[in-house]
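Okay, here's what each chain looks like letter by letter:
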Amino acid sequence: MLELYHHGVSACAAKVRLALAEKRLSWTSRYVDIFAGEQFNPAFLALNPKAVVPVLIHNNAVISESTAICEYLEEVFADDPIYPSSPAARATVLHWTKAVDEELHPACAAISYAISFRHTILRQGARQYEEFMKLGPAEGSAARALKWQWINLGLDAPGTADKIRLCDGYLHEMDEALKSNVWLAGPDFSMADIAVAPYVNRLAALSMDGLWTRGRLMNVESWIERARLRPTFKPALVDWVPTDLAAEMSTHGERSWPAVAAMLGL
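Predicted model, so just to flag it, every value in this text is computed and none were measured. (Residues numbered from 1 in each chain as written. Predicted model: local features only at pLDDT ≥ 70, side-chain atom pairs only at ≥ 80, totals over all residues. Heavy atoms only, no water.)

**Notes on the packing of aromatic side chains**
Within this structure, the stated rule accounts for 8 aromatic pairs. Both rings, one in Y113 and one in W150, keep their centres 5.8 Å apart while their planes meet at 40°; by these two values the pair is tilted. In this pair, Y113 sits in helix α4 (residues 87–124) while W150 sits in helix α6 (residues 141–153), placing the two residues 37 residues apart along the sequence. Judged by its relative accessible area of 14%, Y113 is buried. Residue classification places W150 among the buried residues on the basis of a relative accessible area of 8%. In textbook terms, an aromatic cluster arises when at least three aromatic residues are bridged by ring pairs, as seen for F35, Y113, F117 and W150. Between R226 and the ring centre of W183, over which it is positioned, the NZ or CZ distance is 5.3 Å. A cation sits over an aromatic face here: R230 above W183, 5.7 Å from the ring centre. (Phe/Tyr/Trp six-rings, centres within 6.5 Å; stacked < 30°, edge-to-face > 60°. Helix = DSSP H or I, 4+ residues; strand = E, 2+ residues; numbered from the N terminus. Buried < 20%, exposed > 50% of the residue type's maximum accessible area, 1.4 Å probe, protein only. Lys NZ or Arg CZ within 6 Å of the ring centre and 35° of its normal.)

**Description of the layout of surface pockets**
Counted as a void, the second largest pocket has a volume near 240 Å³. Per-element tally for the lining of the second largest pocket: the top contributor is helix α8 (residues 191–205), with 4 residues. Each residue belonging to the lining of the second largest pocket can be placed in one class, and the counts come to 10 nonpolar, 3 polar and 1 charged. (1 Å grid on protein atoms, 1.4 Å probe; cavity = no way out; pocket = protein on both sides within 12 Å on 5 of 7 lines; lining within 4 Å. Points joined across faces, edges and corners; volume = space filled by probe spheres on them. Nonpolar A, V, L, I, M, F, W, Y, C, P; charged D, E, K, R; others polar.)

**Topic: the pairing of strand β3 (residues 55–58)**
Successive residues of a regular strand alternate their side chains across the two faces of the sheet. Side-chain alternation along β3 places V55 and I57 on one buried face and L56 and H58 on a second face that is also buried. Relative to β3, strand β1 (residues 2–6) is paired through 4 bridges, and the arrangement is antiparallel. Looking at β3, one finds that E3 is bridged to I57. In this sheet, strand β4 (residues 61–64) lies alongside β3 in antiparallel orientation, the contact comprising 4 bridges. Bridge pairing in β4 places I57 opposite V62. Here β3 folds back onto β4 in antiparallel fashion, the turn holding 2 residues, of which N59 has a positive phi close to 55°. (Pairing = 2+ DSSP bridges.)

**Thoughts on the sheet that holds strand β2 (residues 28–31)**
Here we have 4 strands laid out as an open sheet, ordered β2-β1-β3-β4, and mixed in their pairing. At either end of the open sheet lies a strand with only one pairing partner, and these are β2 and β4. Neighbour to neighbour, the strand axes of the sheet diverge by 20° on average, direction disregarded. Sitting on the sheet, helix α3 (residues 66–76) touches β1, β3 and β4, and the angle it makes with β4 is about 135°. (Axes fitted to C-alpha atoms, helices over the stretch in contact; angles between N-to-C directions. Contact = heavy atoms within 4.5 Å.)

**Quick notes on the nonpolar core**
Counting residues in each nonpolar core, the largest one holds 76 residues, and the members touching the most others are L171, M174, W212 and W223. It is α4 that provides the largest number of residues to this core, a total of 14 residues. Dropping the residues within four chain positions of it, M174 is found in contact with W96, L184, V196, V200, V220 and W223. Within the second largest apolar cluster, 6 residues are counted, among which are V32, F44, V53 and I57. (Core = buried A, V, L, I, M, F, W, Y, C linked by side-chain atoms within 4.5 Å.)

**Some thoughts on the side chain of S256**
Among the structural elements, S256 can be located in helix α11 (residues 243–263). Residue classification places S256 among the buried residues on the basis of a relative accessible area of 12%. At 2.9 Å, the side chain of S256 and the backbone oxygen of H252 are in polar contact. Setting aside anything within four residues of it in sequence, one finds S256 in contact with I115, L155 and M208. (Polar contact = N/O pair within 3.5 Å; in protein donor to acceptor, adjacent residues only side chain to side chain.)

**Structural notes on the environment of L237**
Inspection of the secondary structure assignment puts L237 in helix α10 (residues 233–238). We classify L237 as buried; its relative accessible area is 4%. The sequence separation of L237 and I151 amounts to 86 residues, and the corresponding C-alpha distance is 24 Å. Excluding its chain neighbours within four sequence positions, the residues that come into contact with L237 are A14, L18, A197, P198 and N201.

What follows is the structure, encoded as structure tokens:
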């Protein structure tokens, strides 16, 4: 049996849900409310001391880190492969999964907190630095201090504009790659698309789709529309997001878009 510990707005968890759906694997949901701090419960920390979702349990195996989970699923369940057989295409997949893990995910986290999650945290959580730091010791003081900057300063937090420019740079790279391919690693939907889709979808959820619409990055726009037409997309990436959080992301994103556009000279 496959059990997935996840949350609706975790892009990493969305990646795993999409991989599970593409591989047509059944799984049992173990929902972790990260805004309520359930990731810091001792029972969850026993599974993942880093206090982050997703975590996959399969028989006696406990696997964390979303890319590792997807690779595990591919190795254990051979049907409906999500990794291409061509070495060159697999190298392209690795390029995109590495970009997501090392740069796009941290950038997406900063943007999500600076634009929308900050309002949720301030409404539900601590309002003093010392109190906030005590809420999640498993994250480490440096990570909590960085989140506190995003929560209090929003888009004015140090380095946030750089994160937006980084995402925009990858969108341009995607647009170039998609000039000659239907999907990021070739003619077939693959782990490259599974890895990137939750982050482009997050930007759209934050009302940031102006980064690629209105003729700016037409290949990216066509790619995300093709991805949305897949029967796996909505159940994996959209339906798990709590309605109130989806509304907040959209509303706060609309309010933030003029500032983001100004950062990019749009």
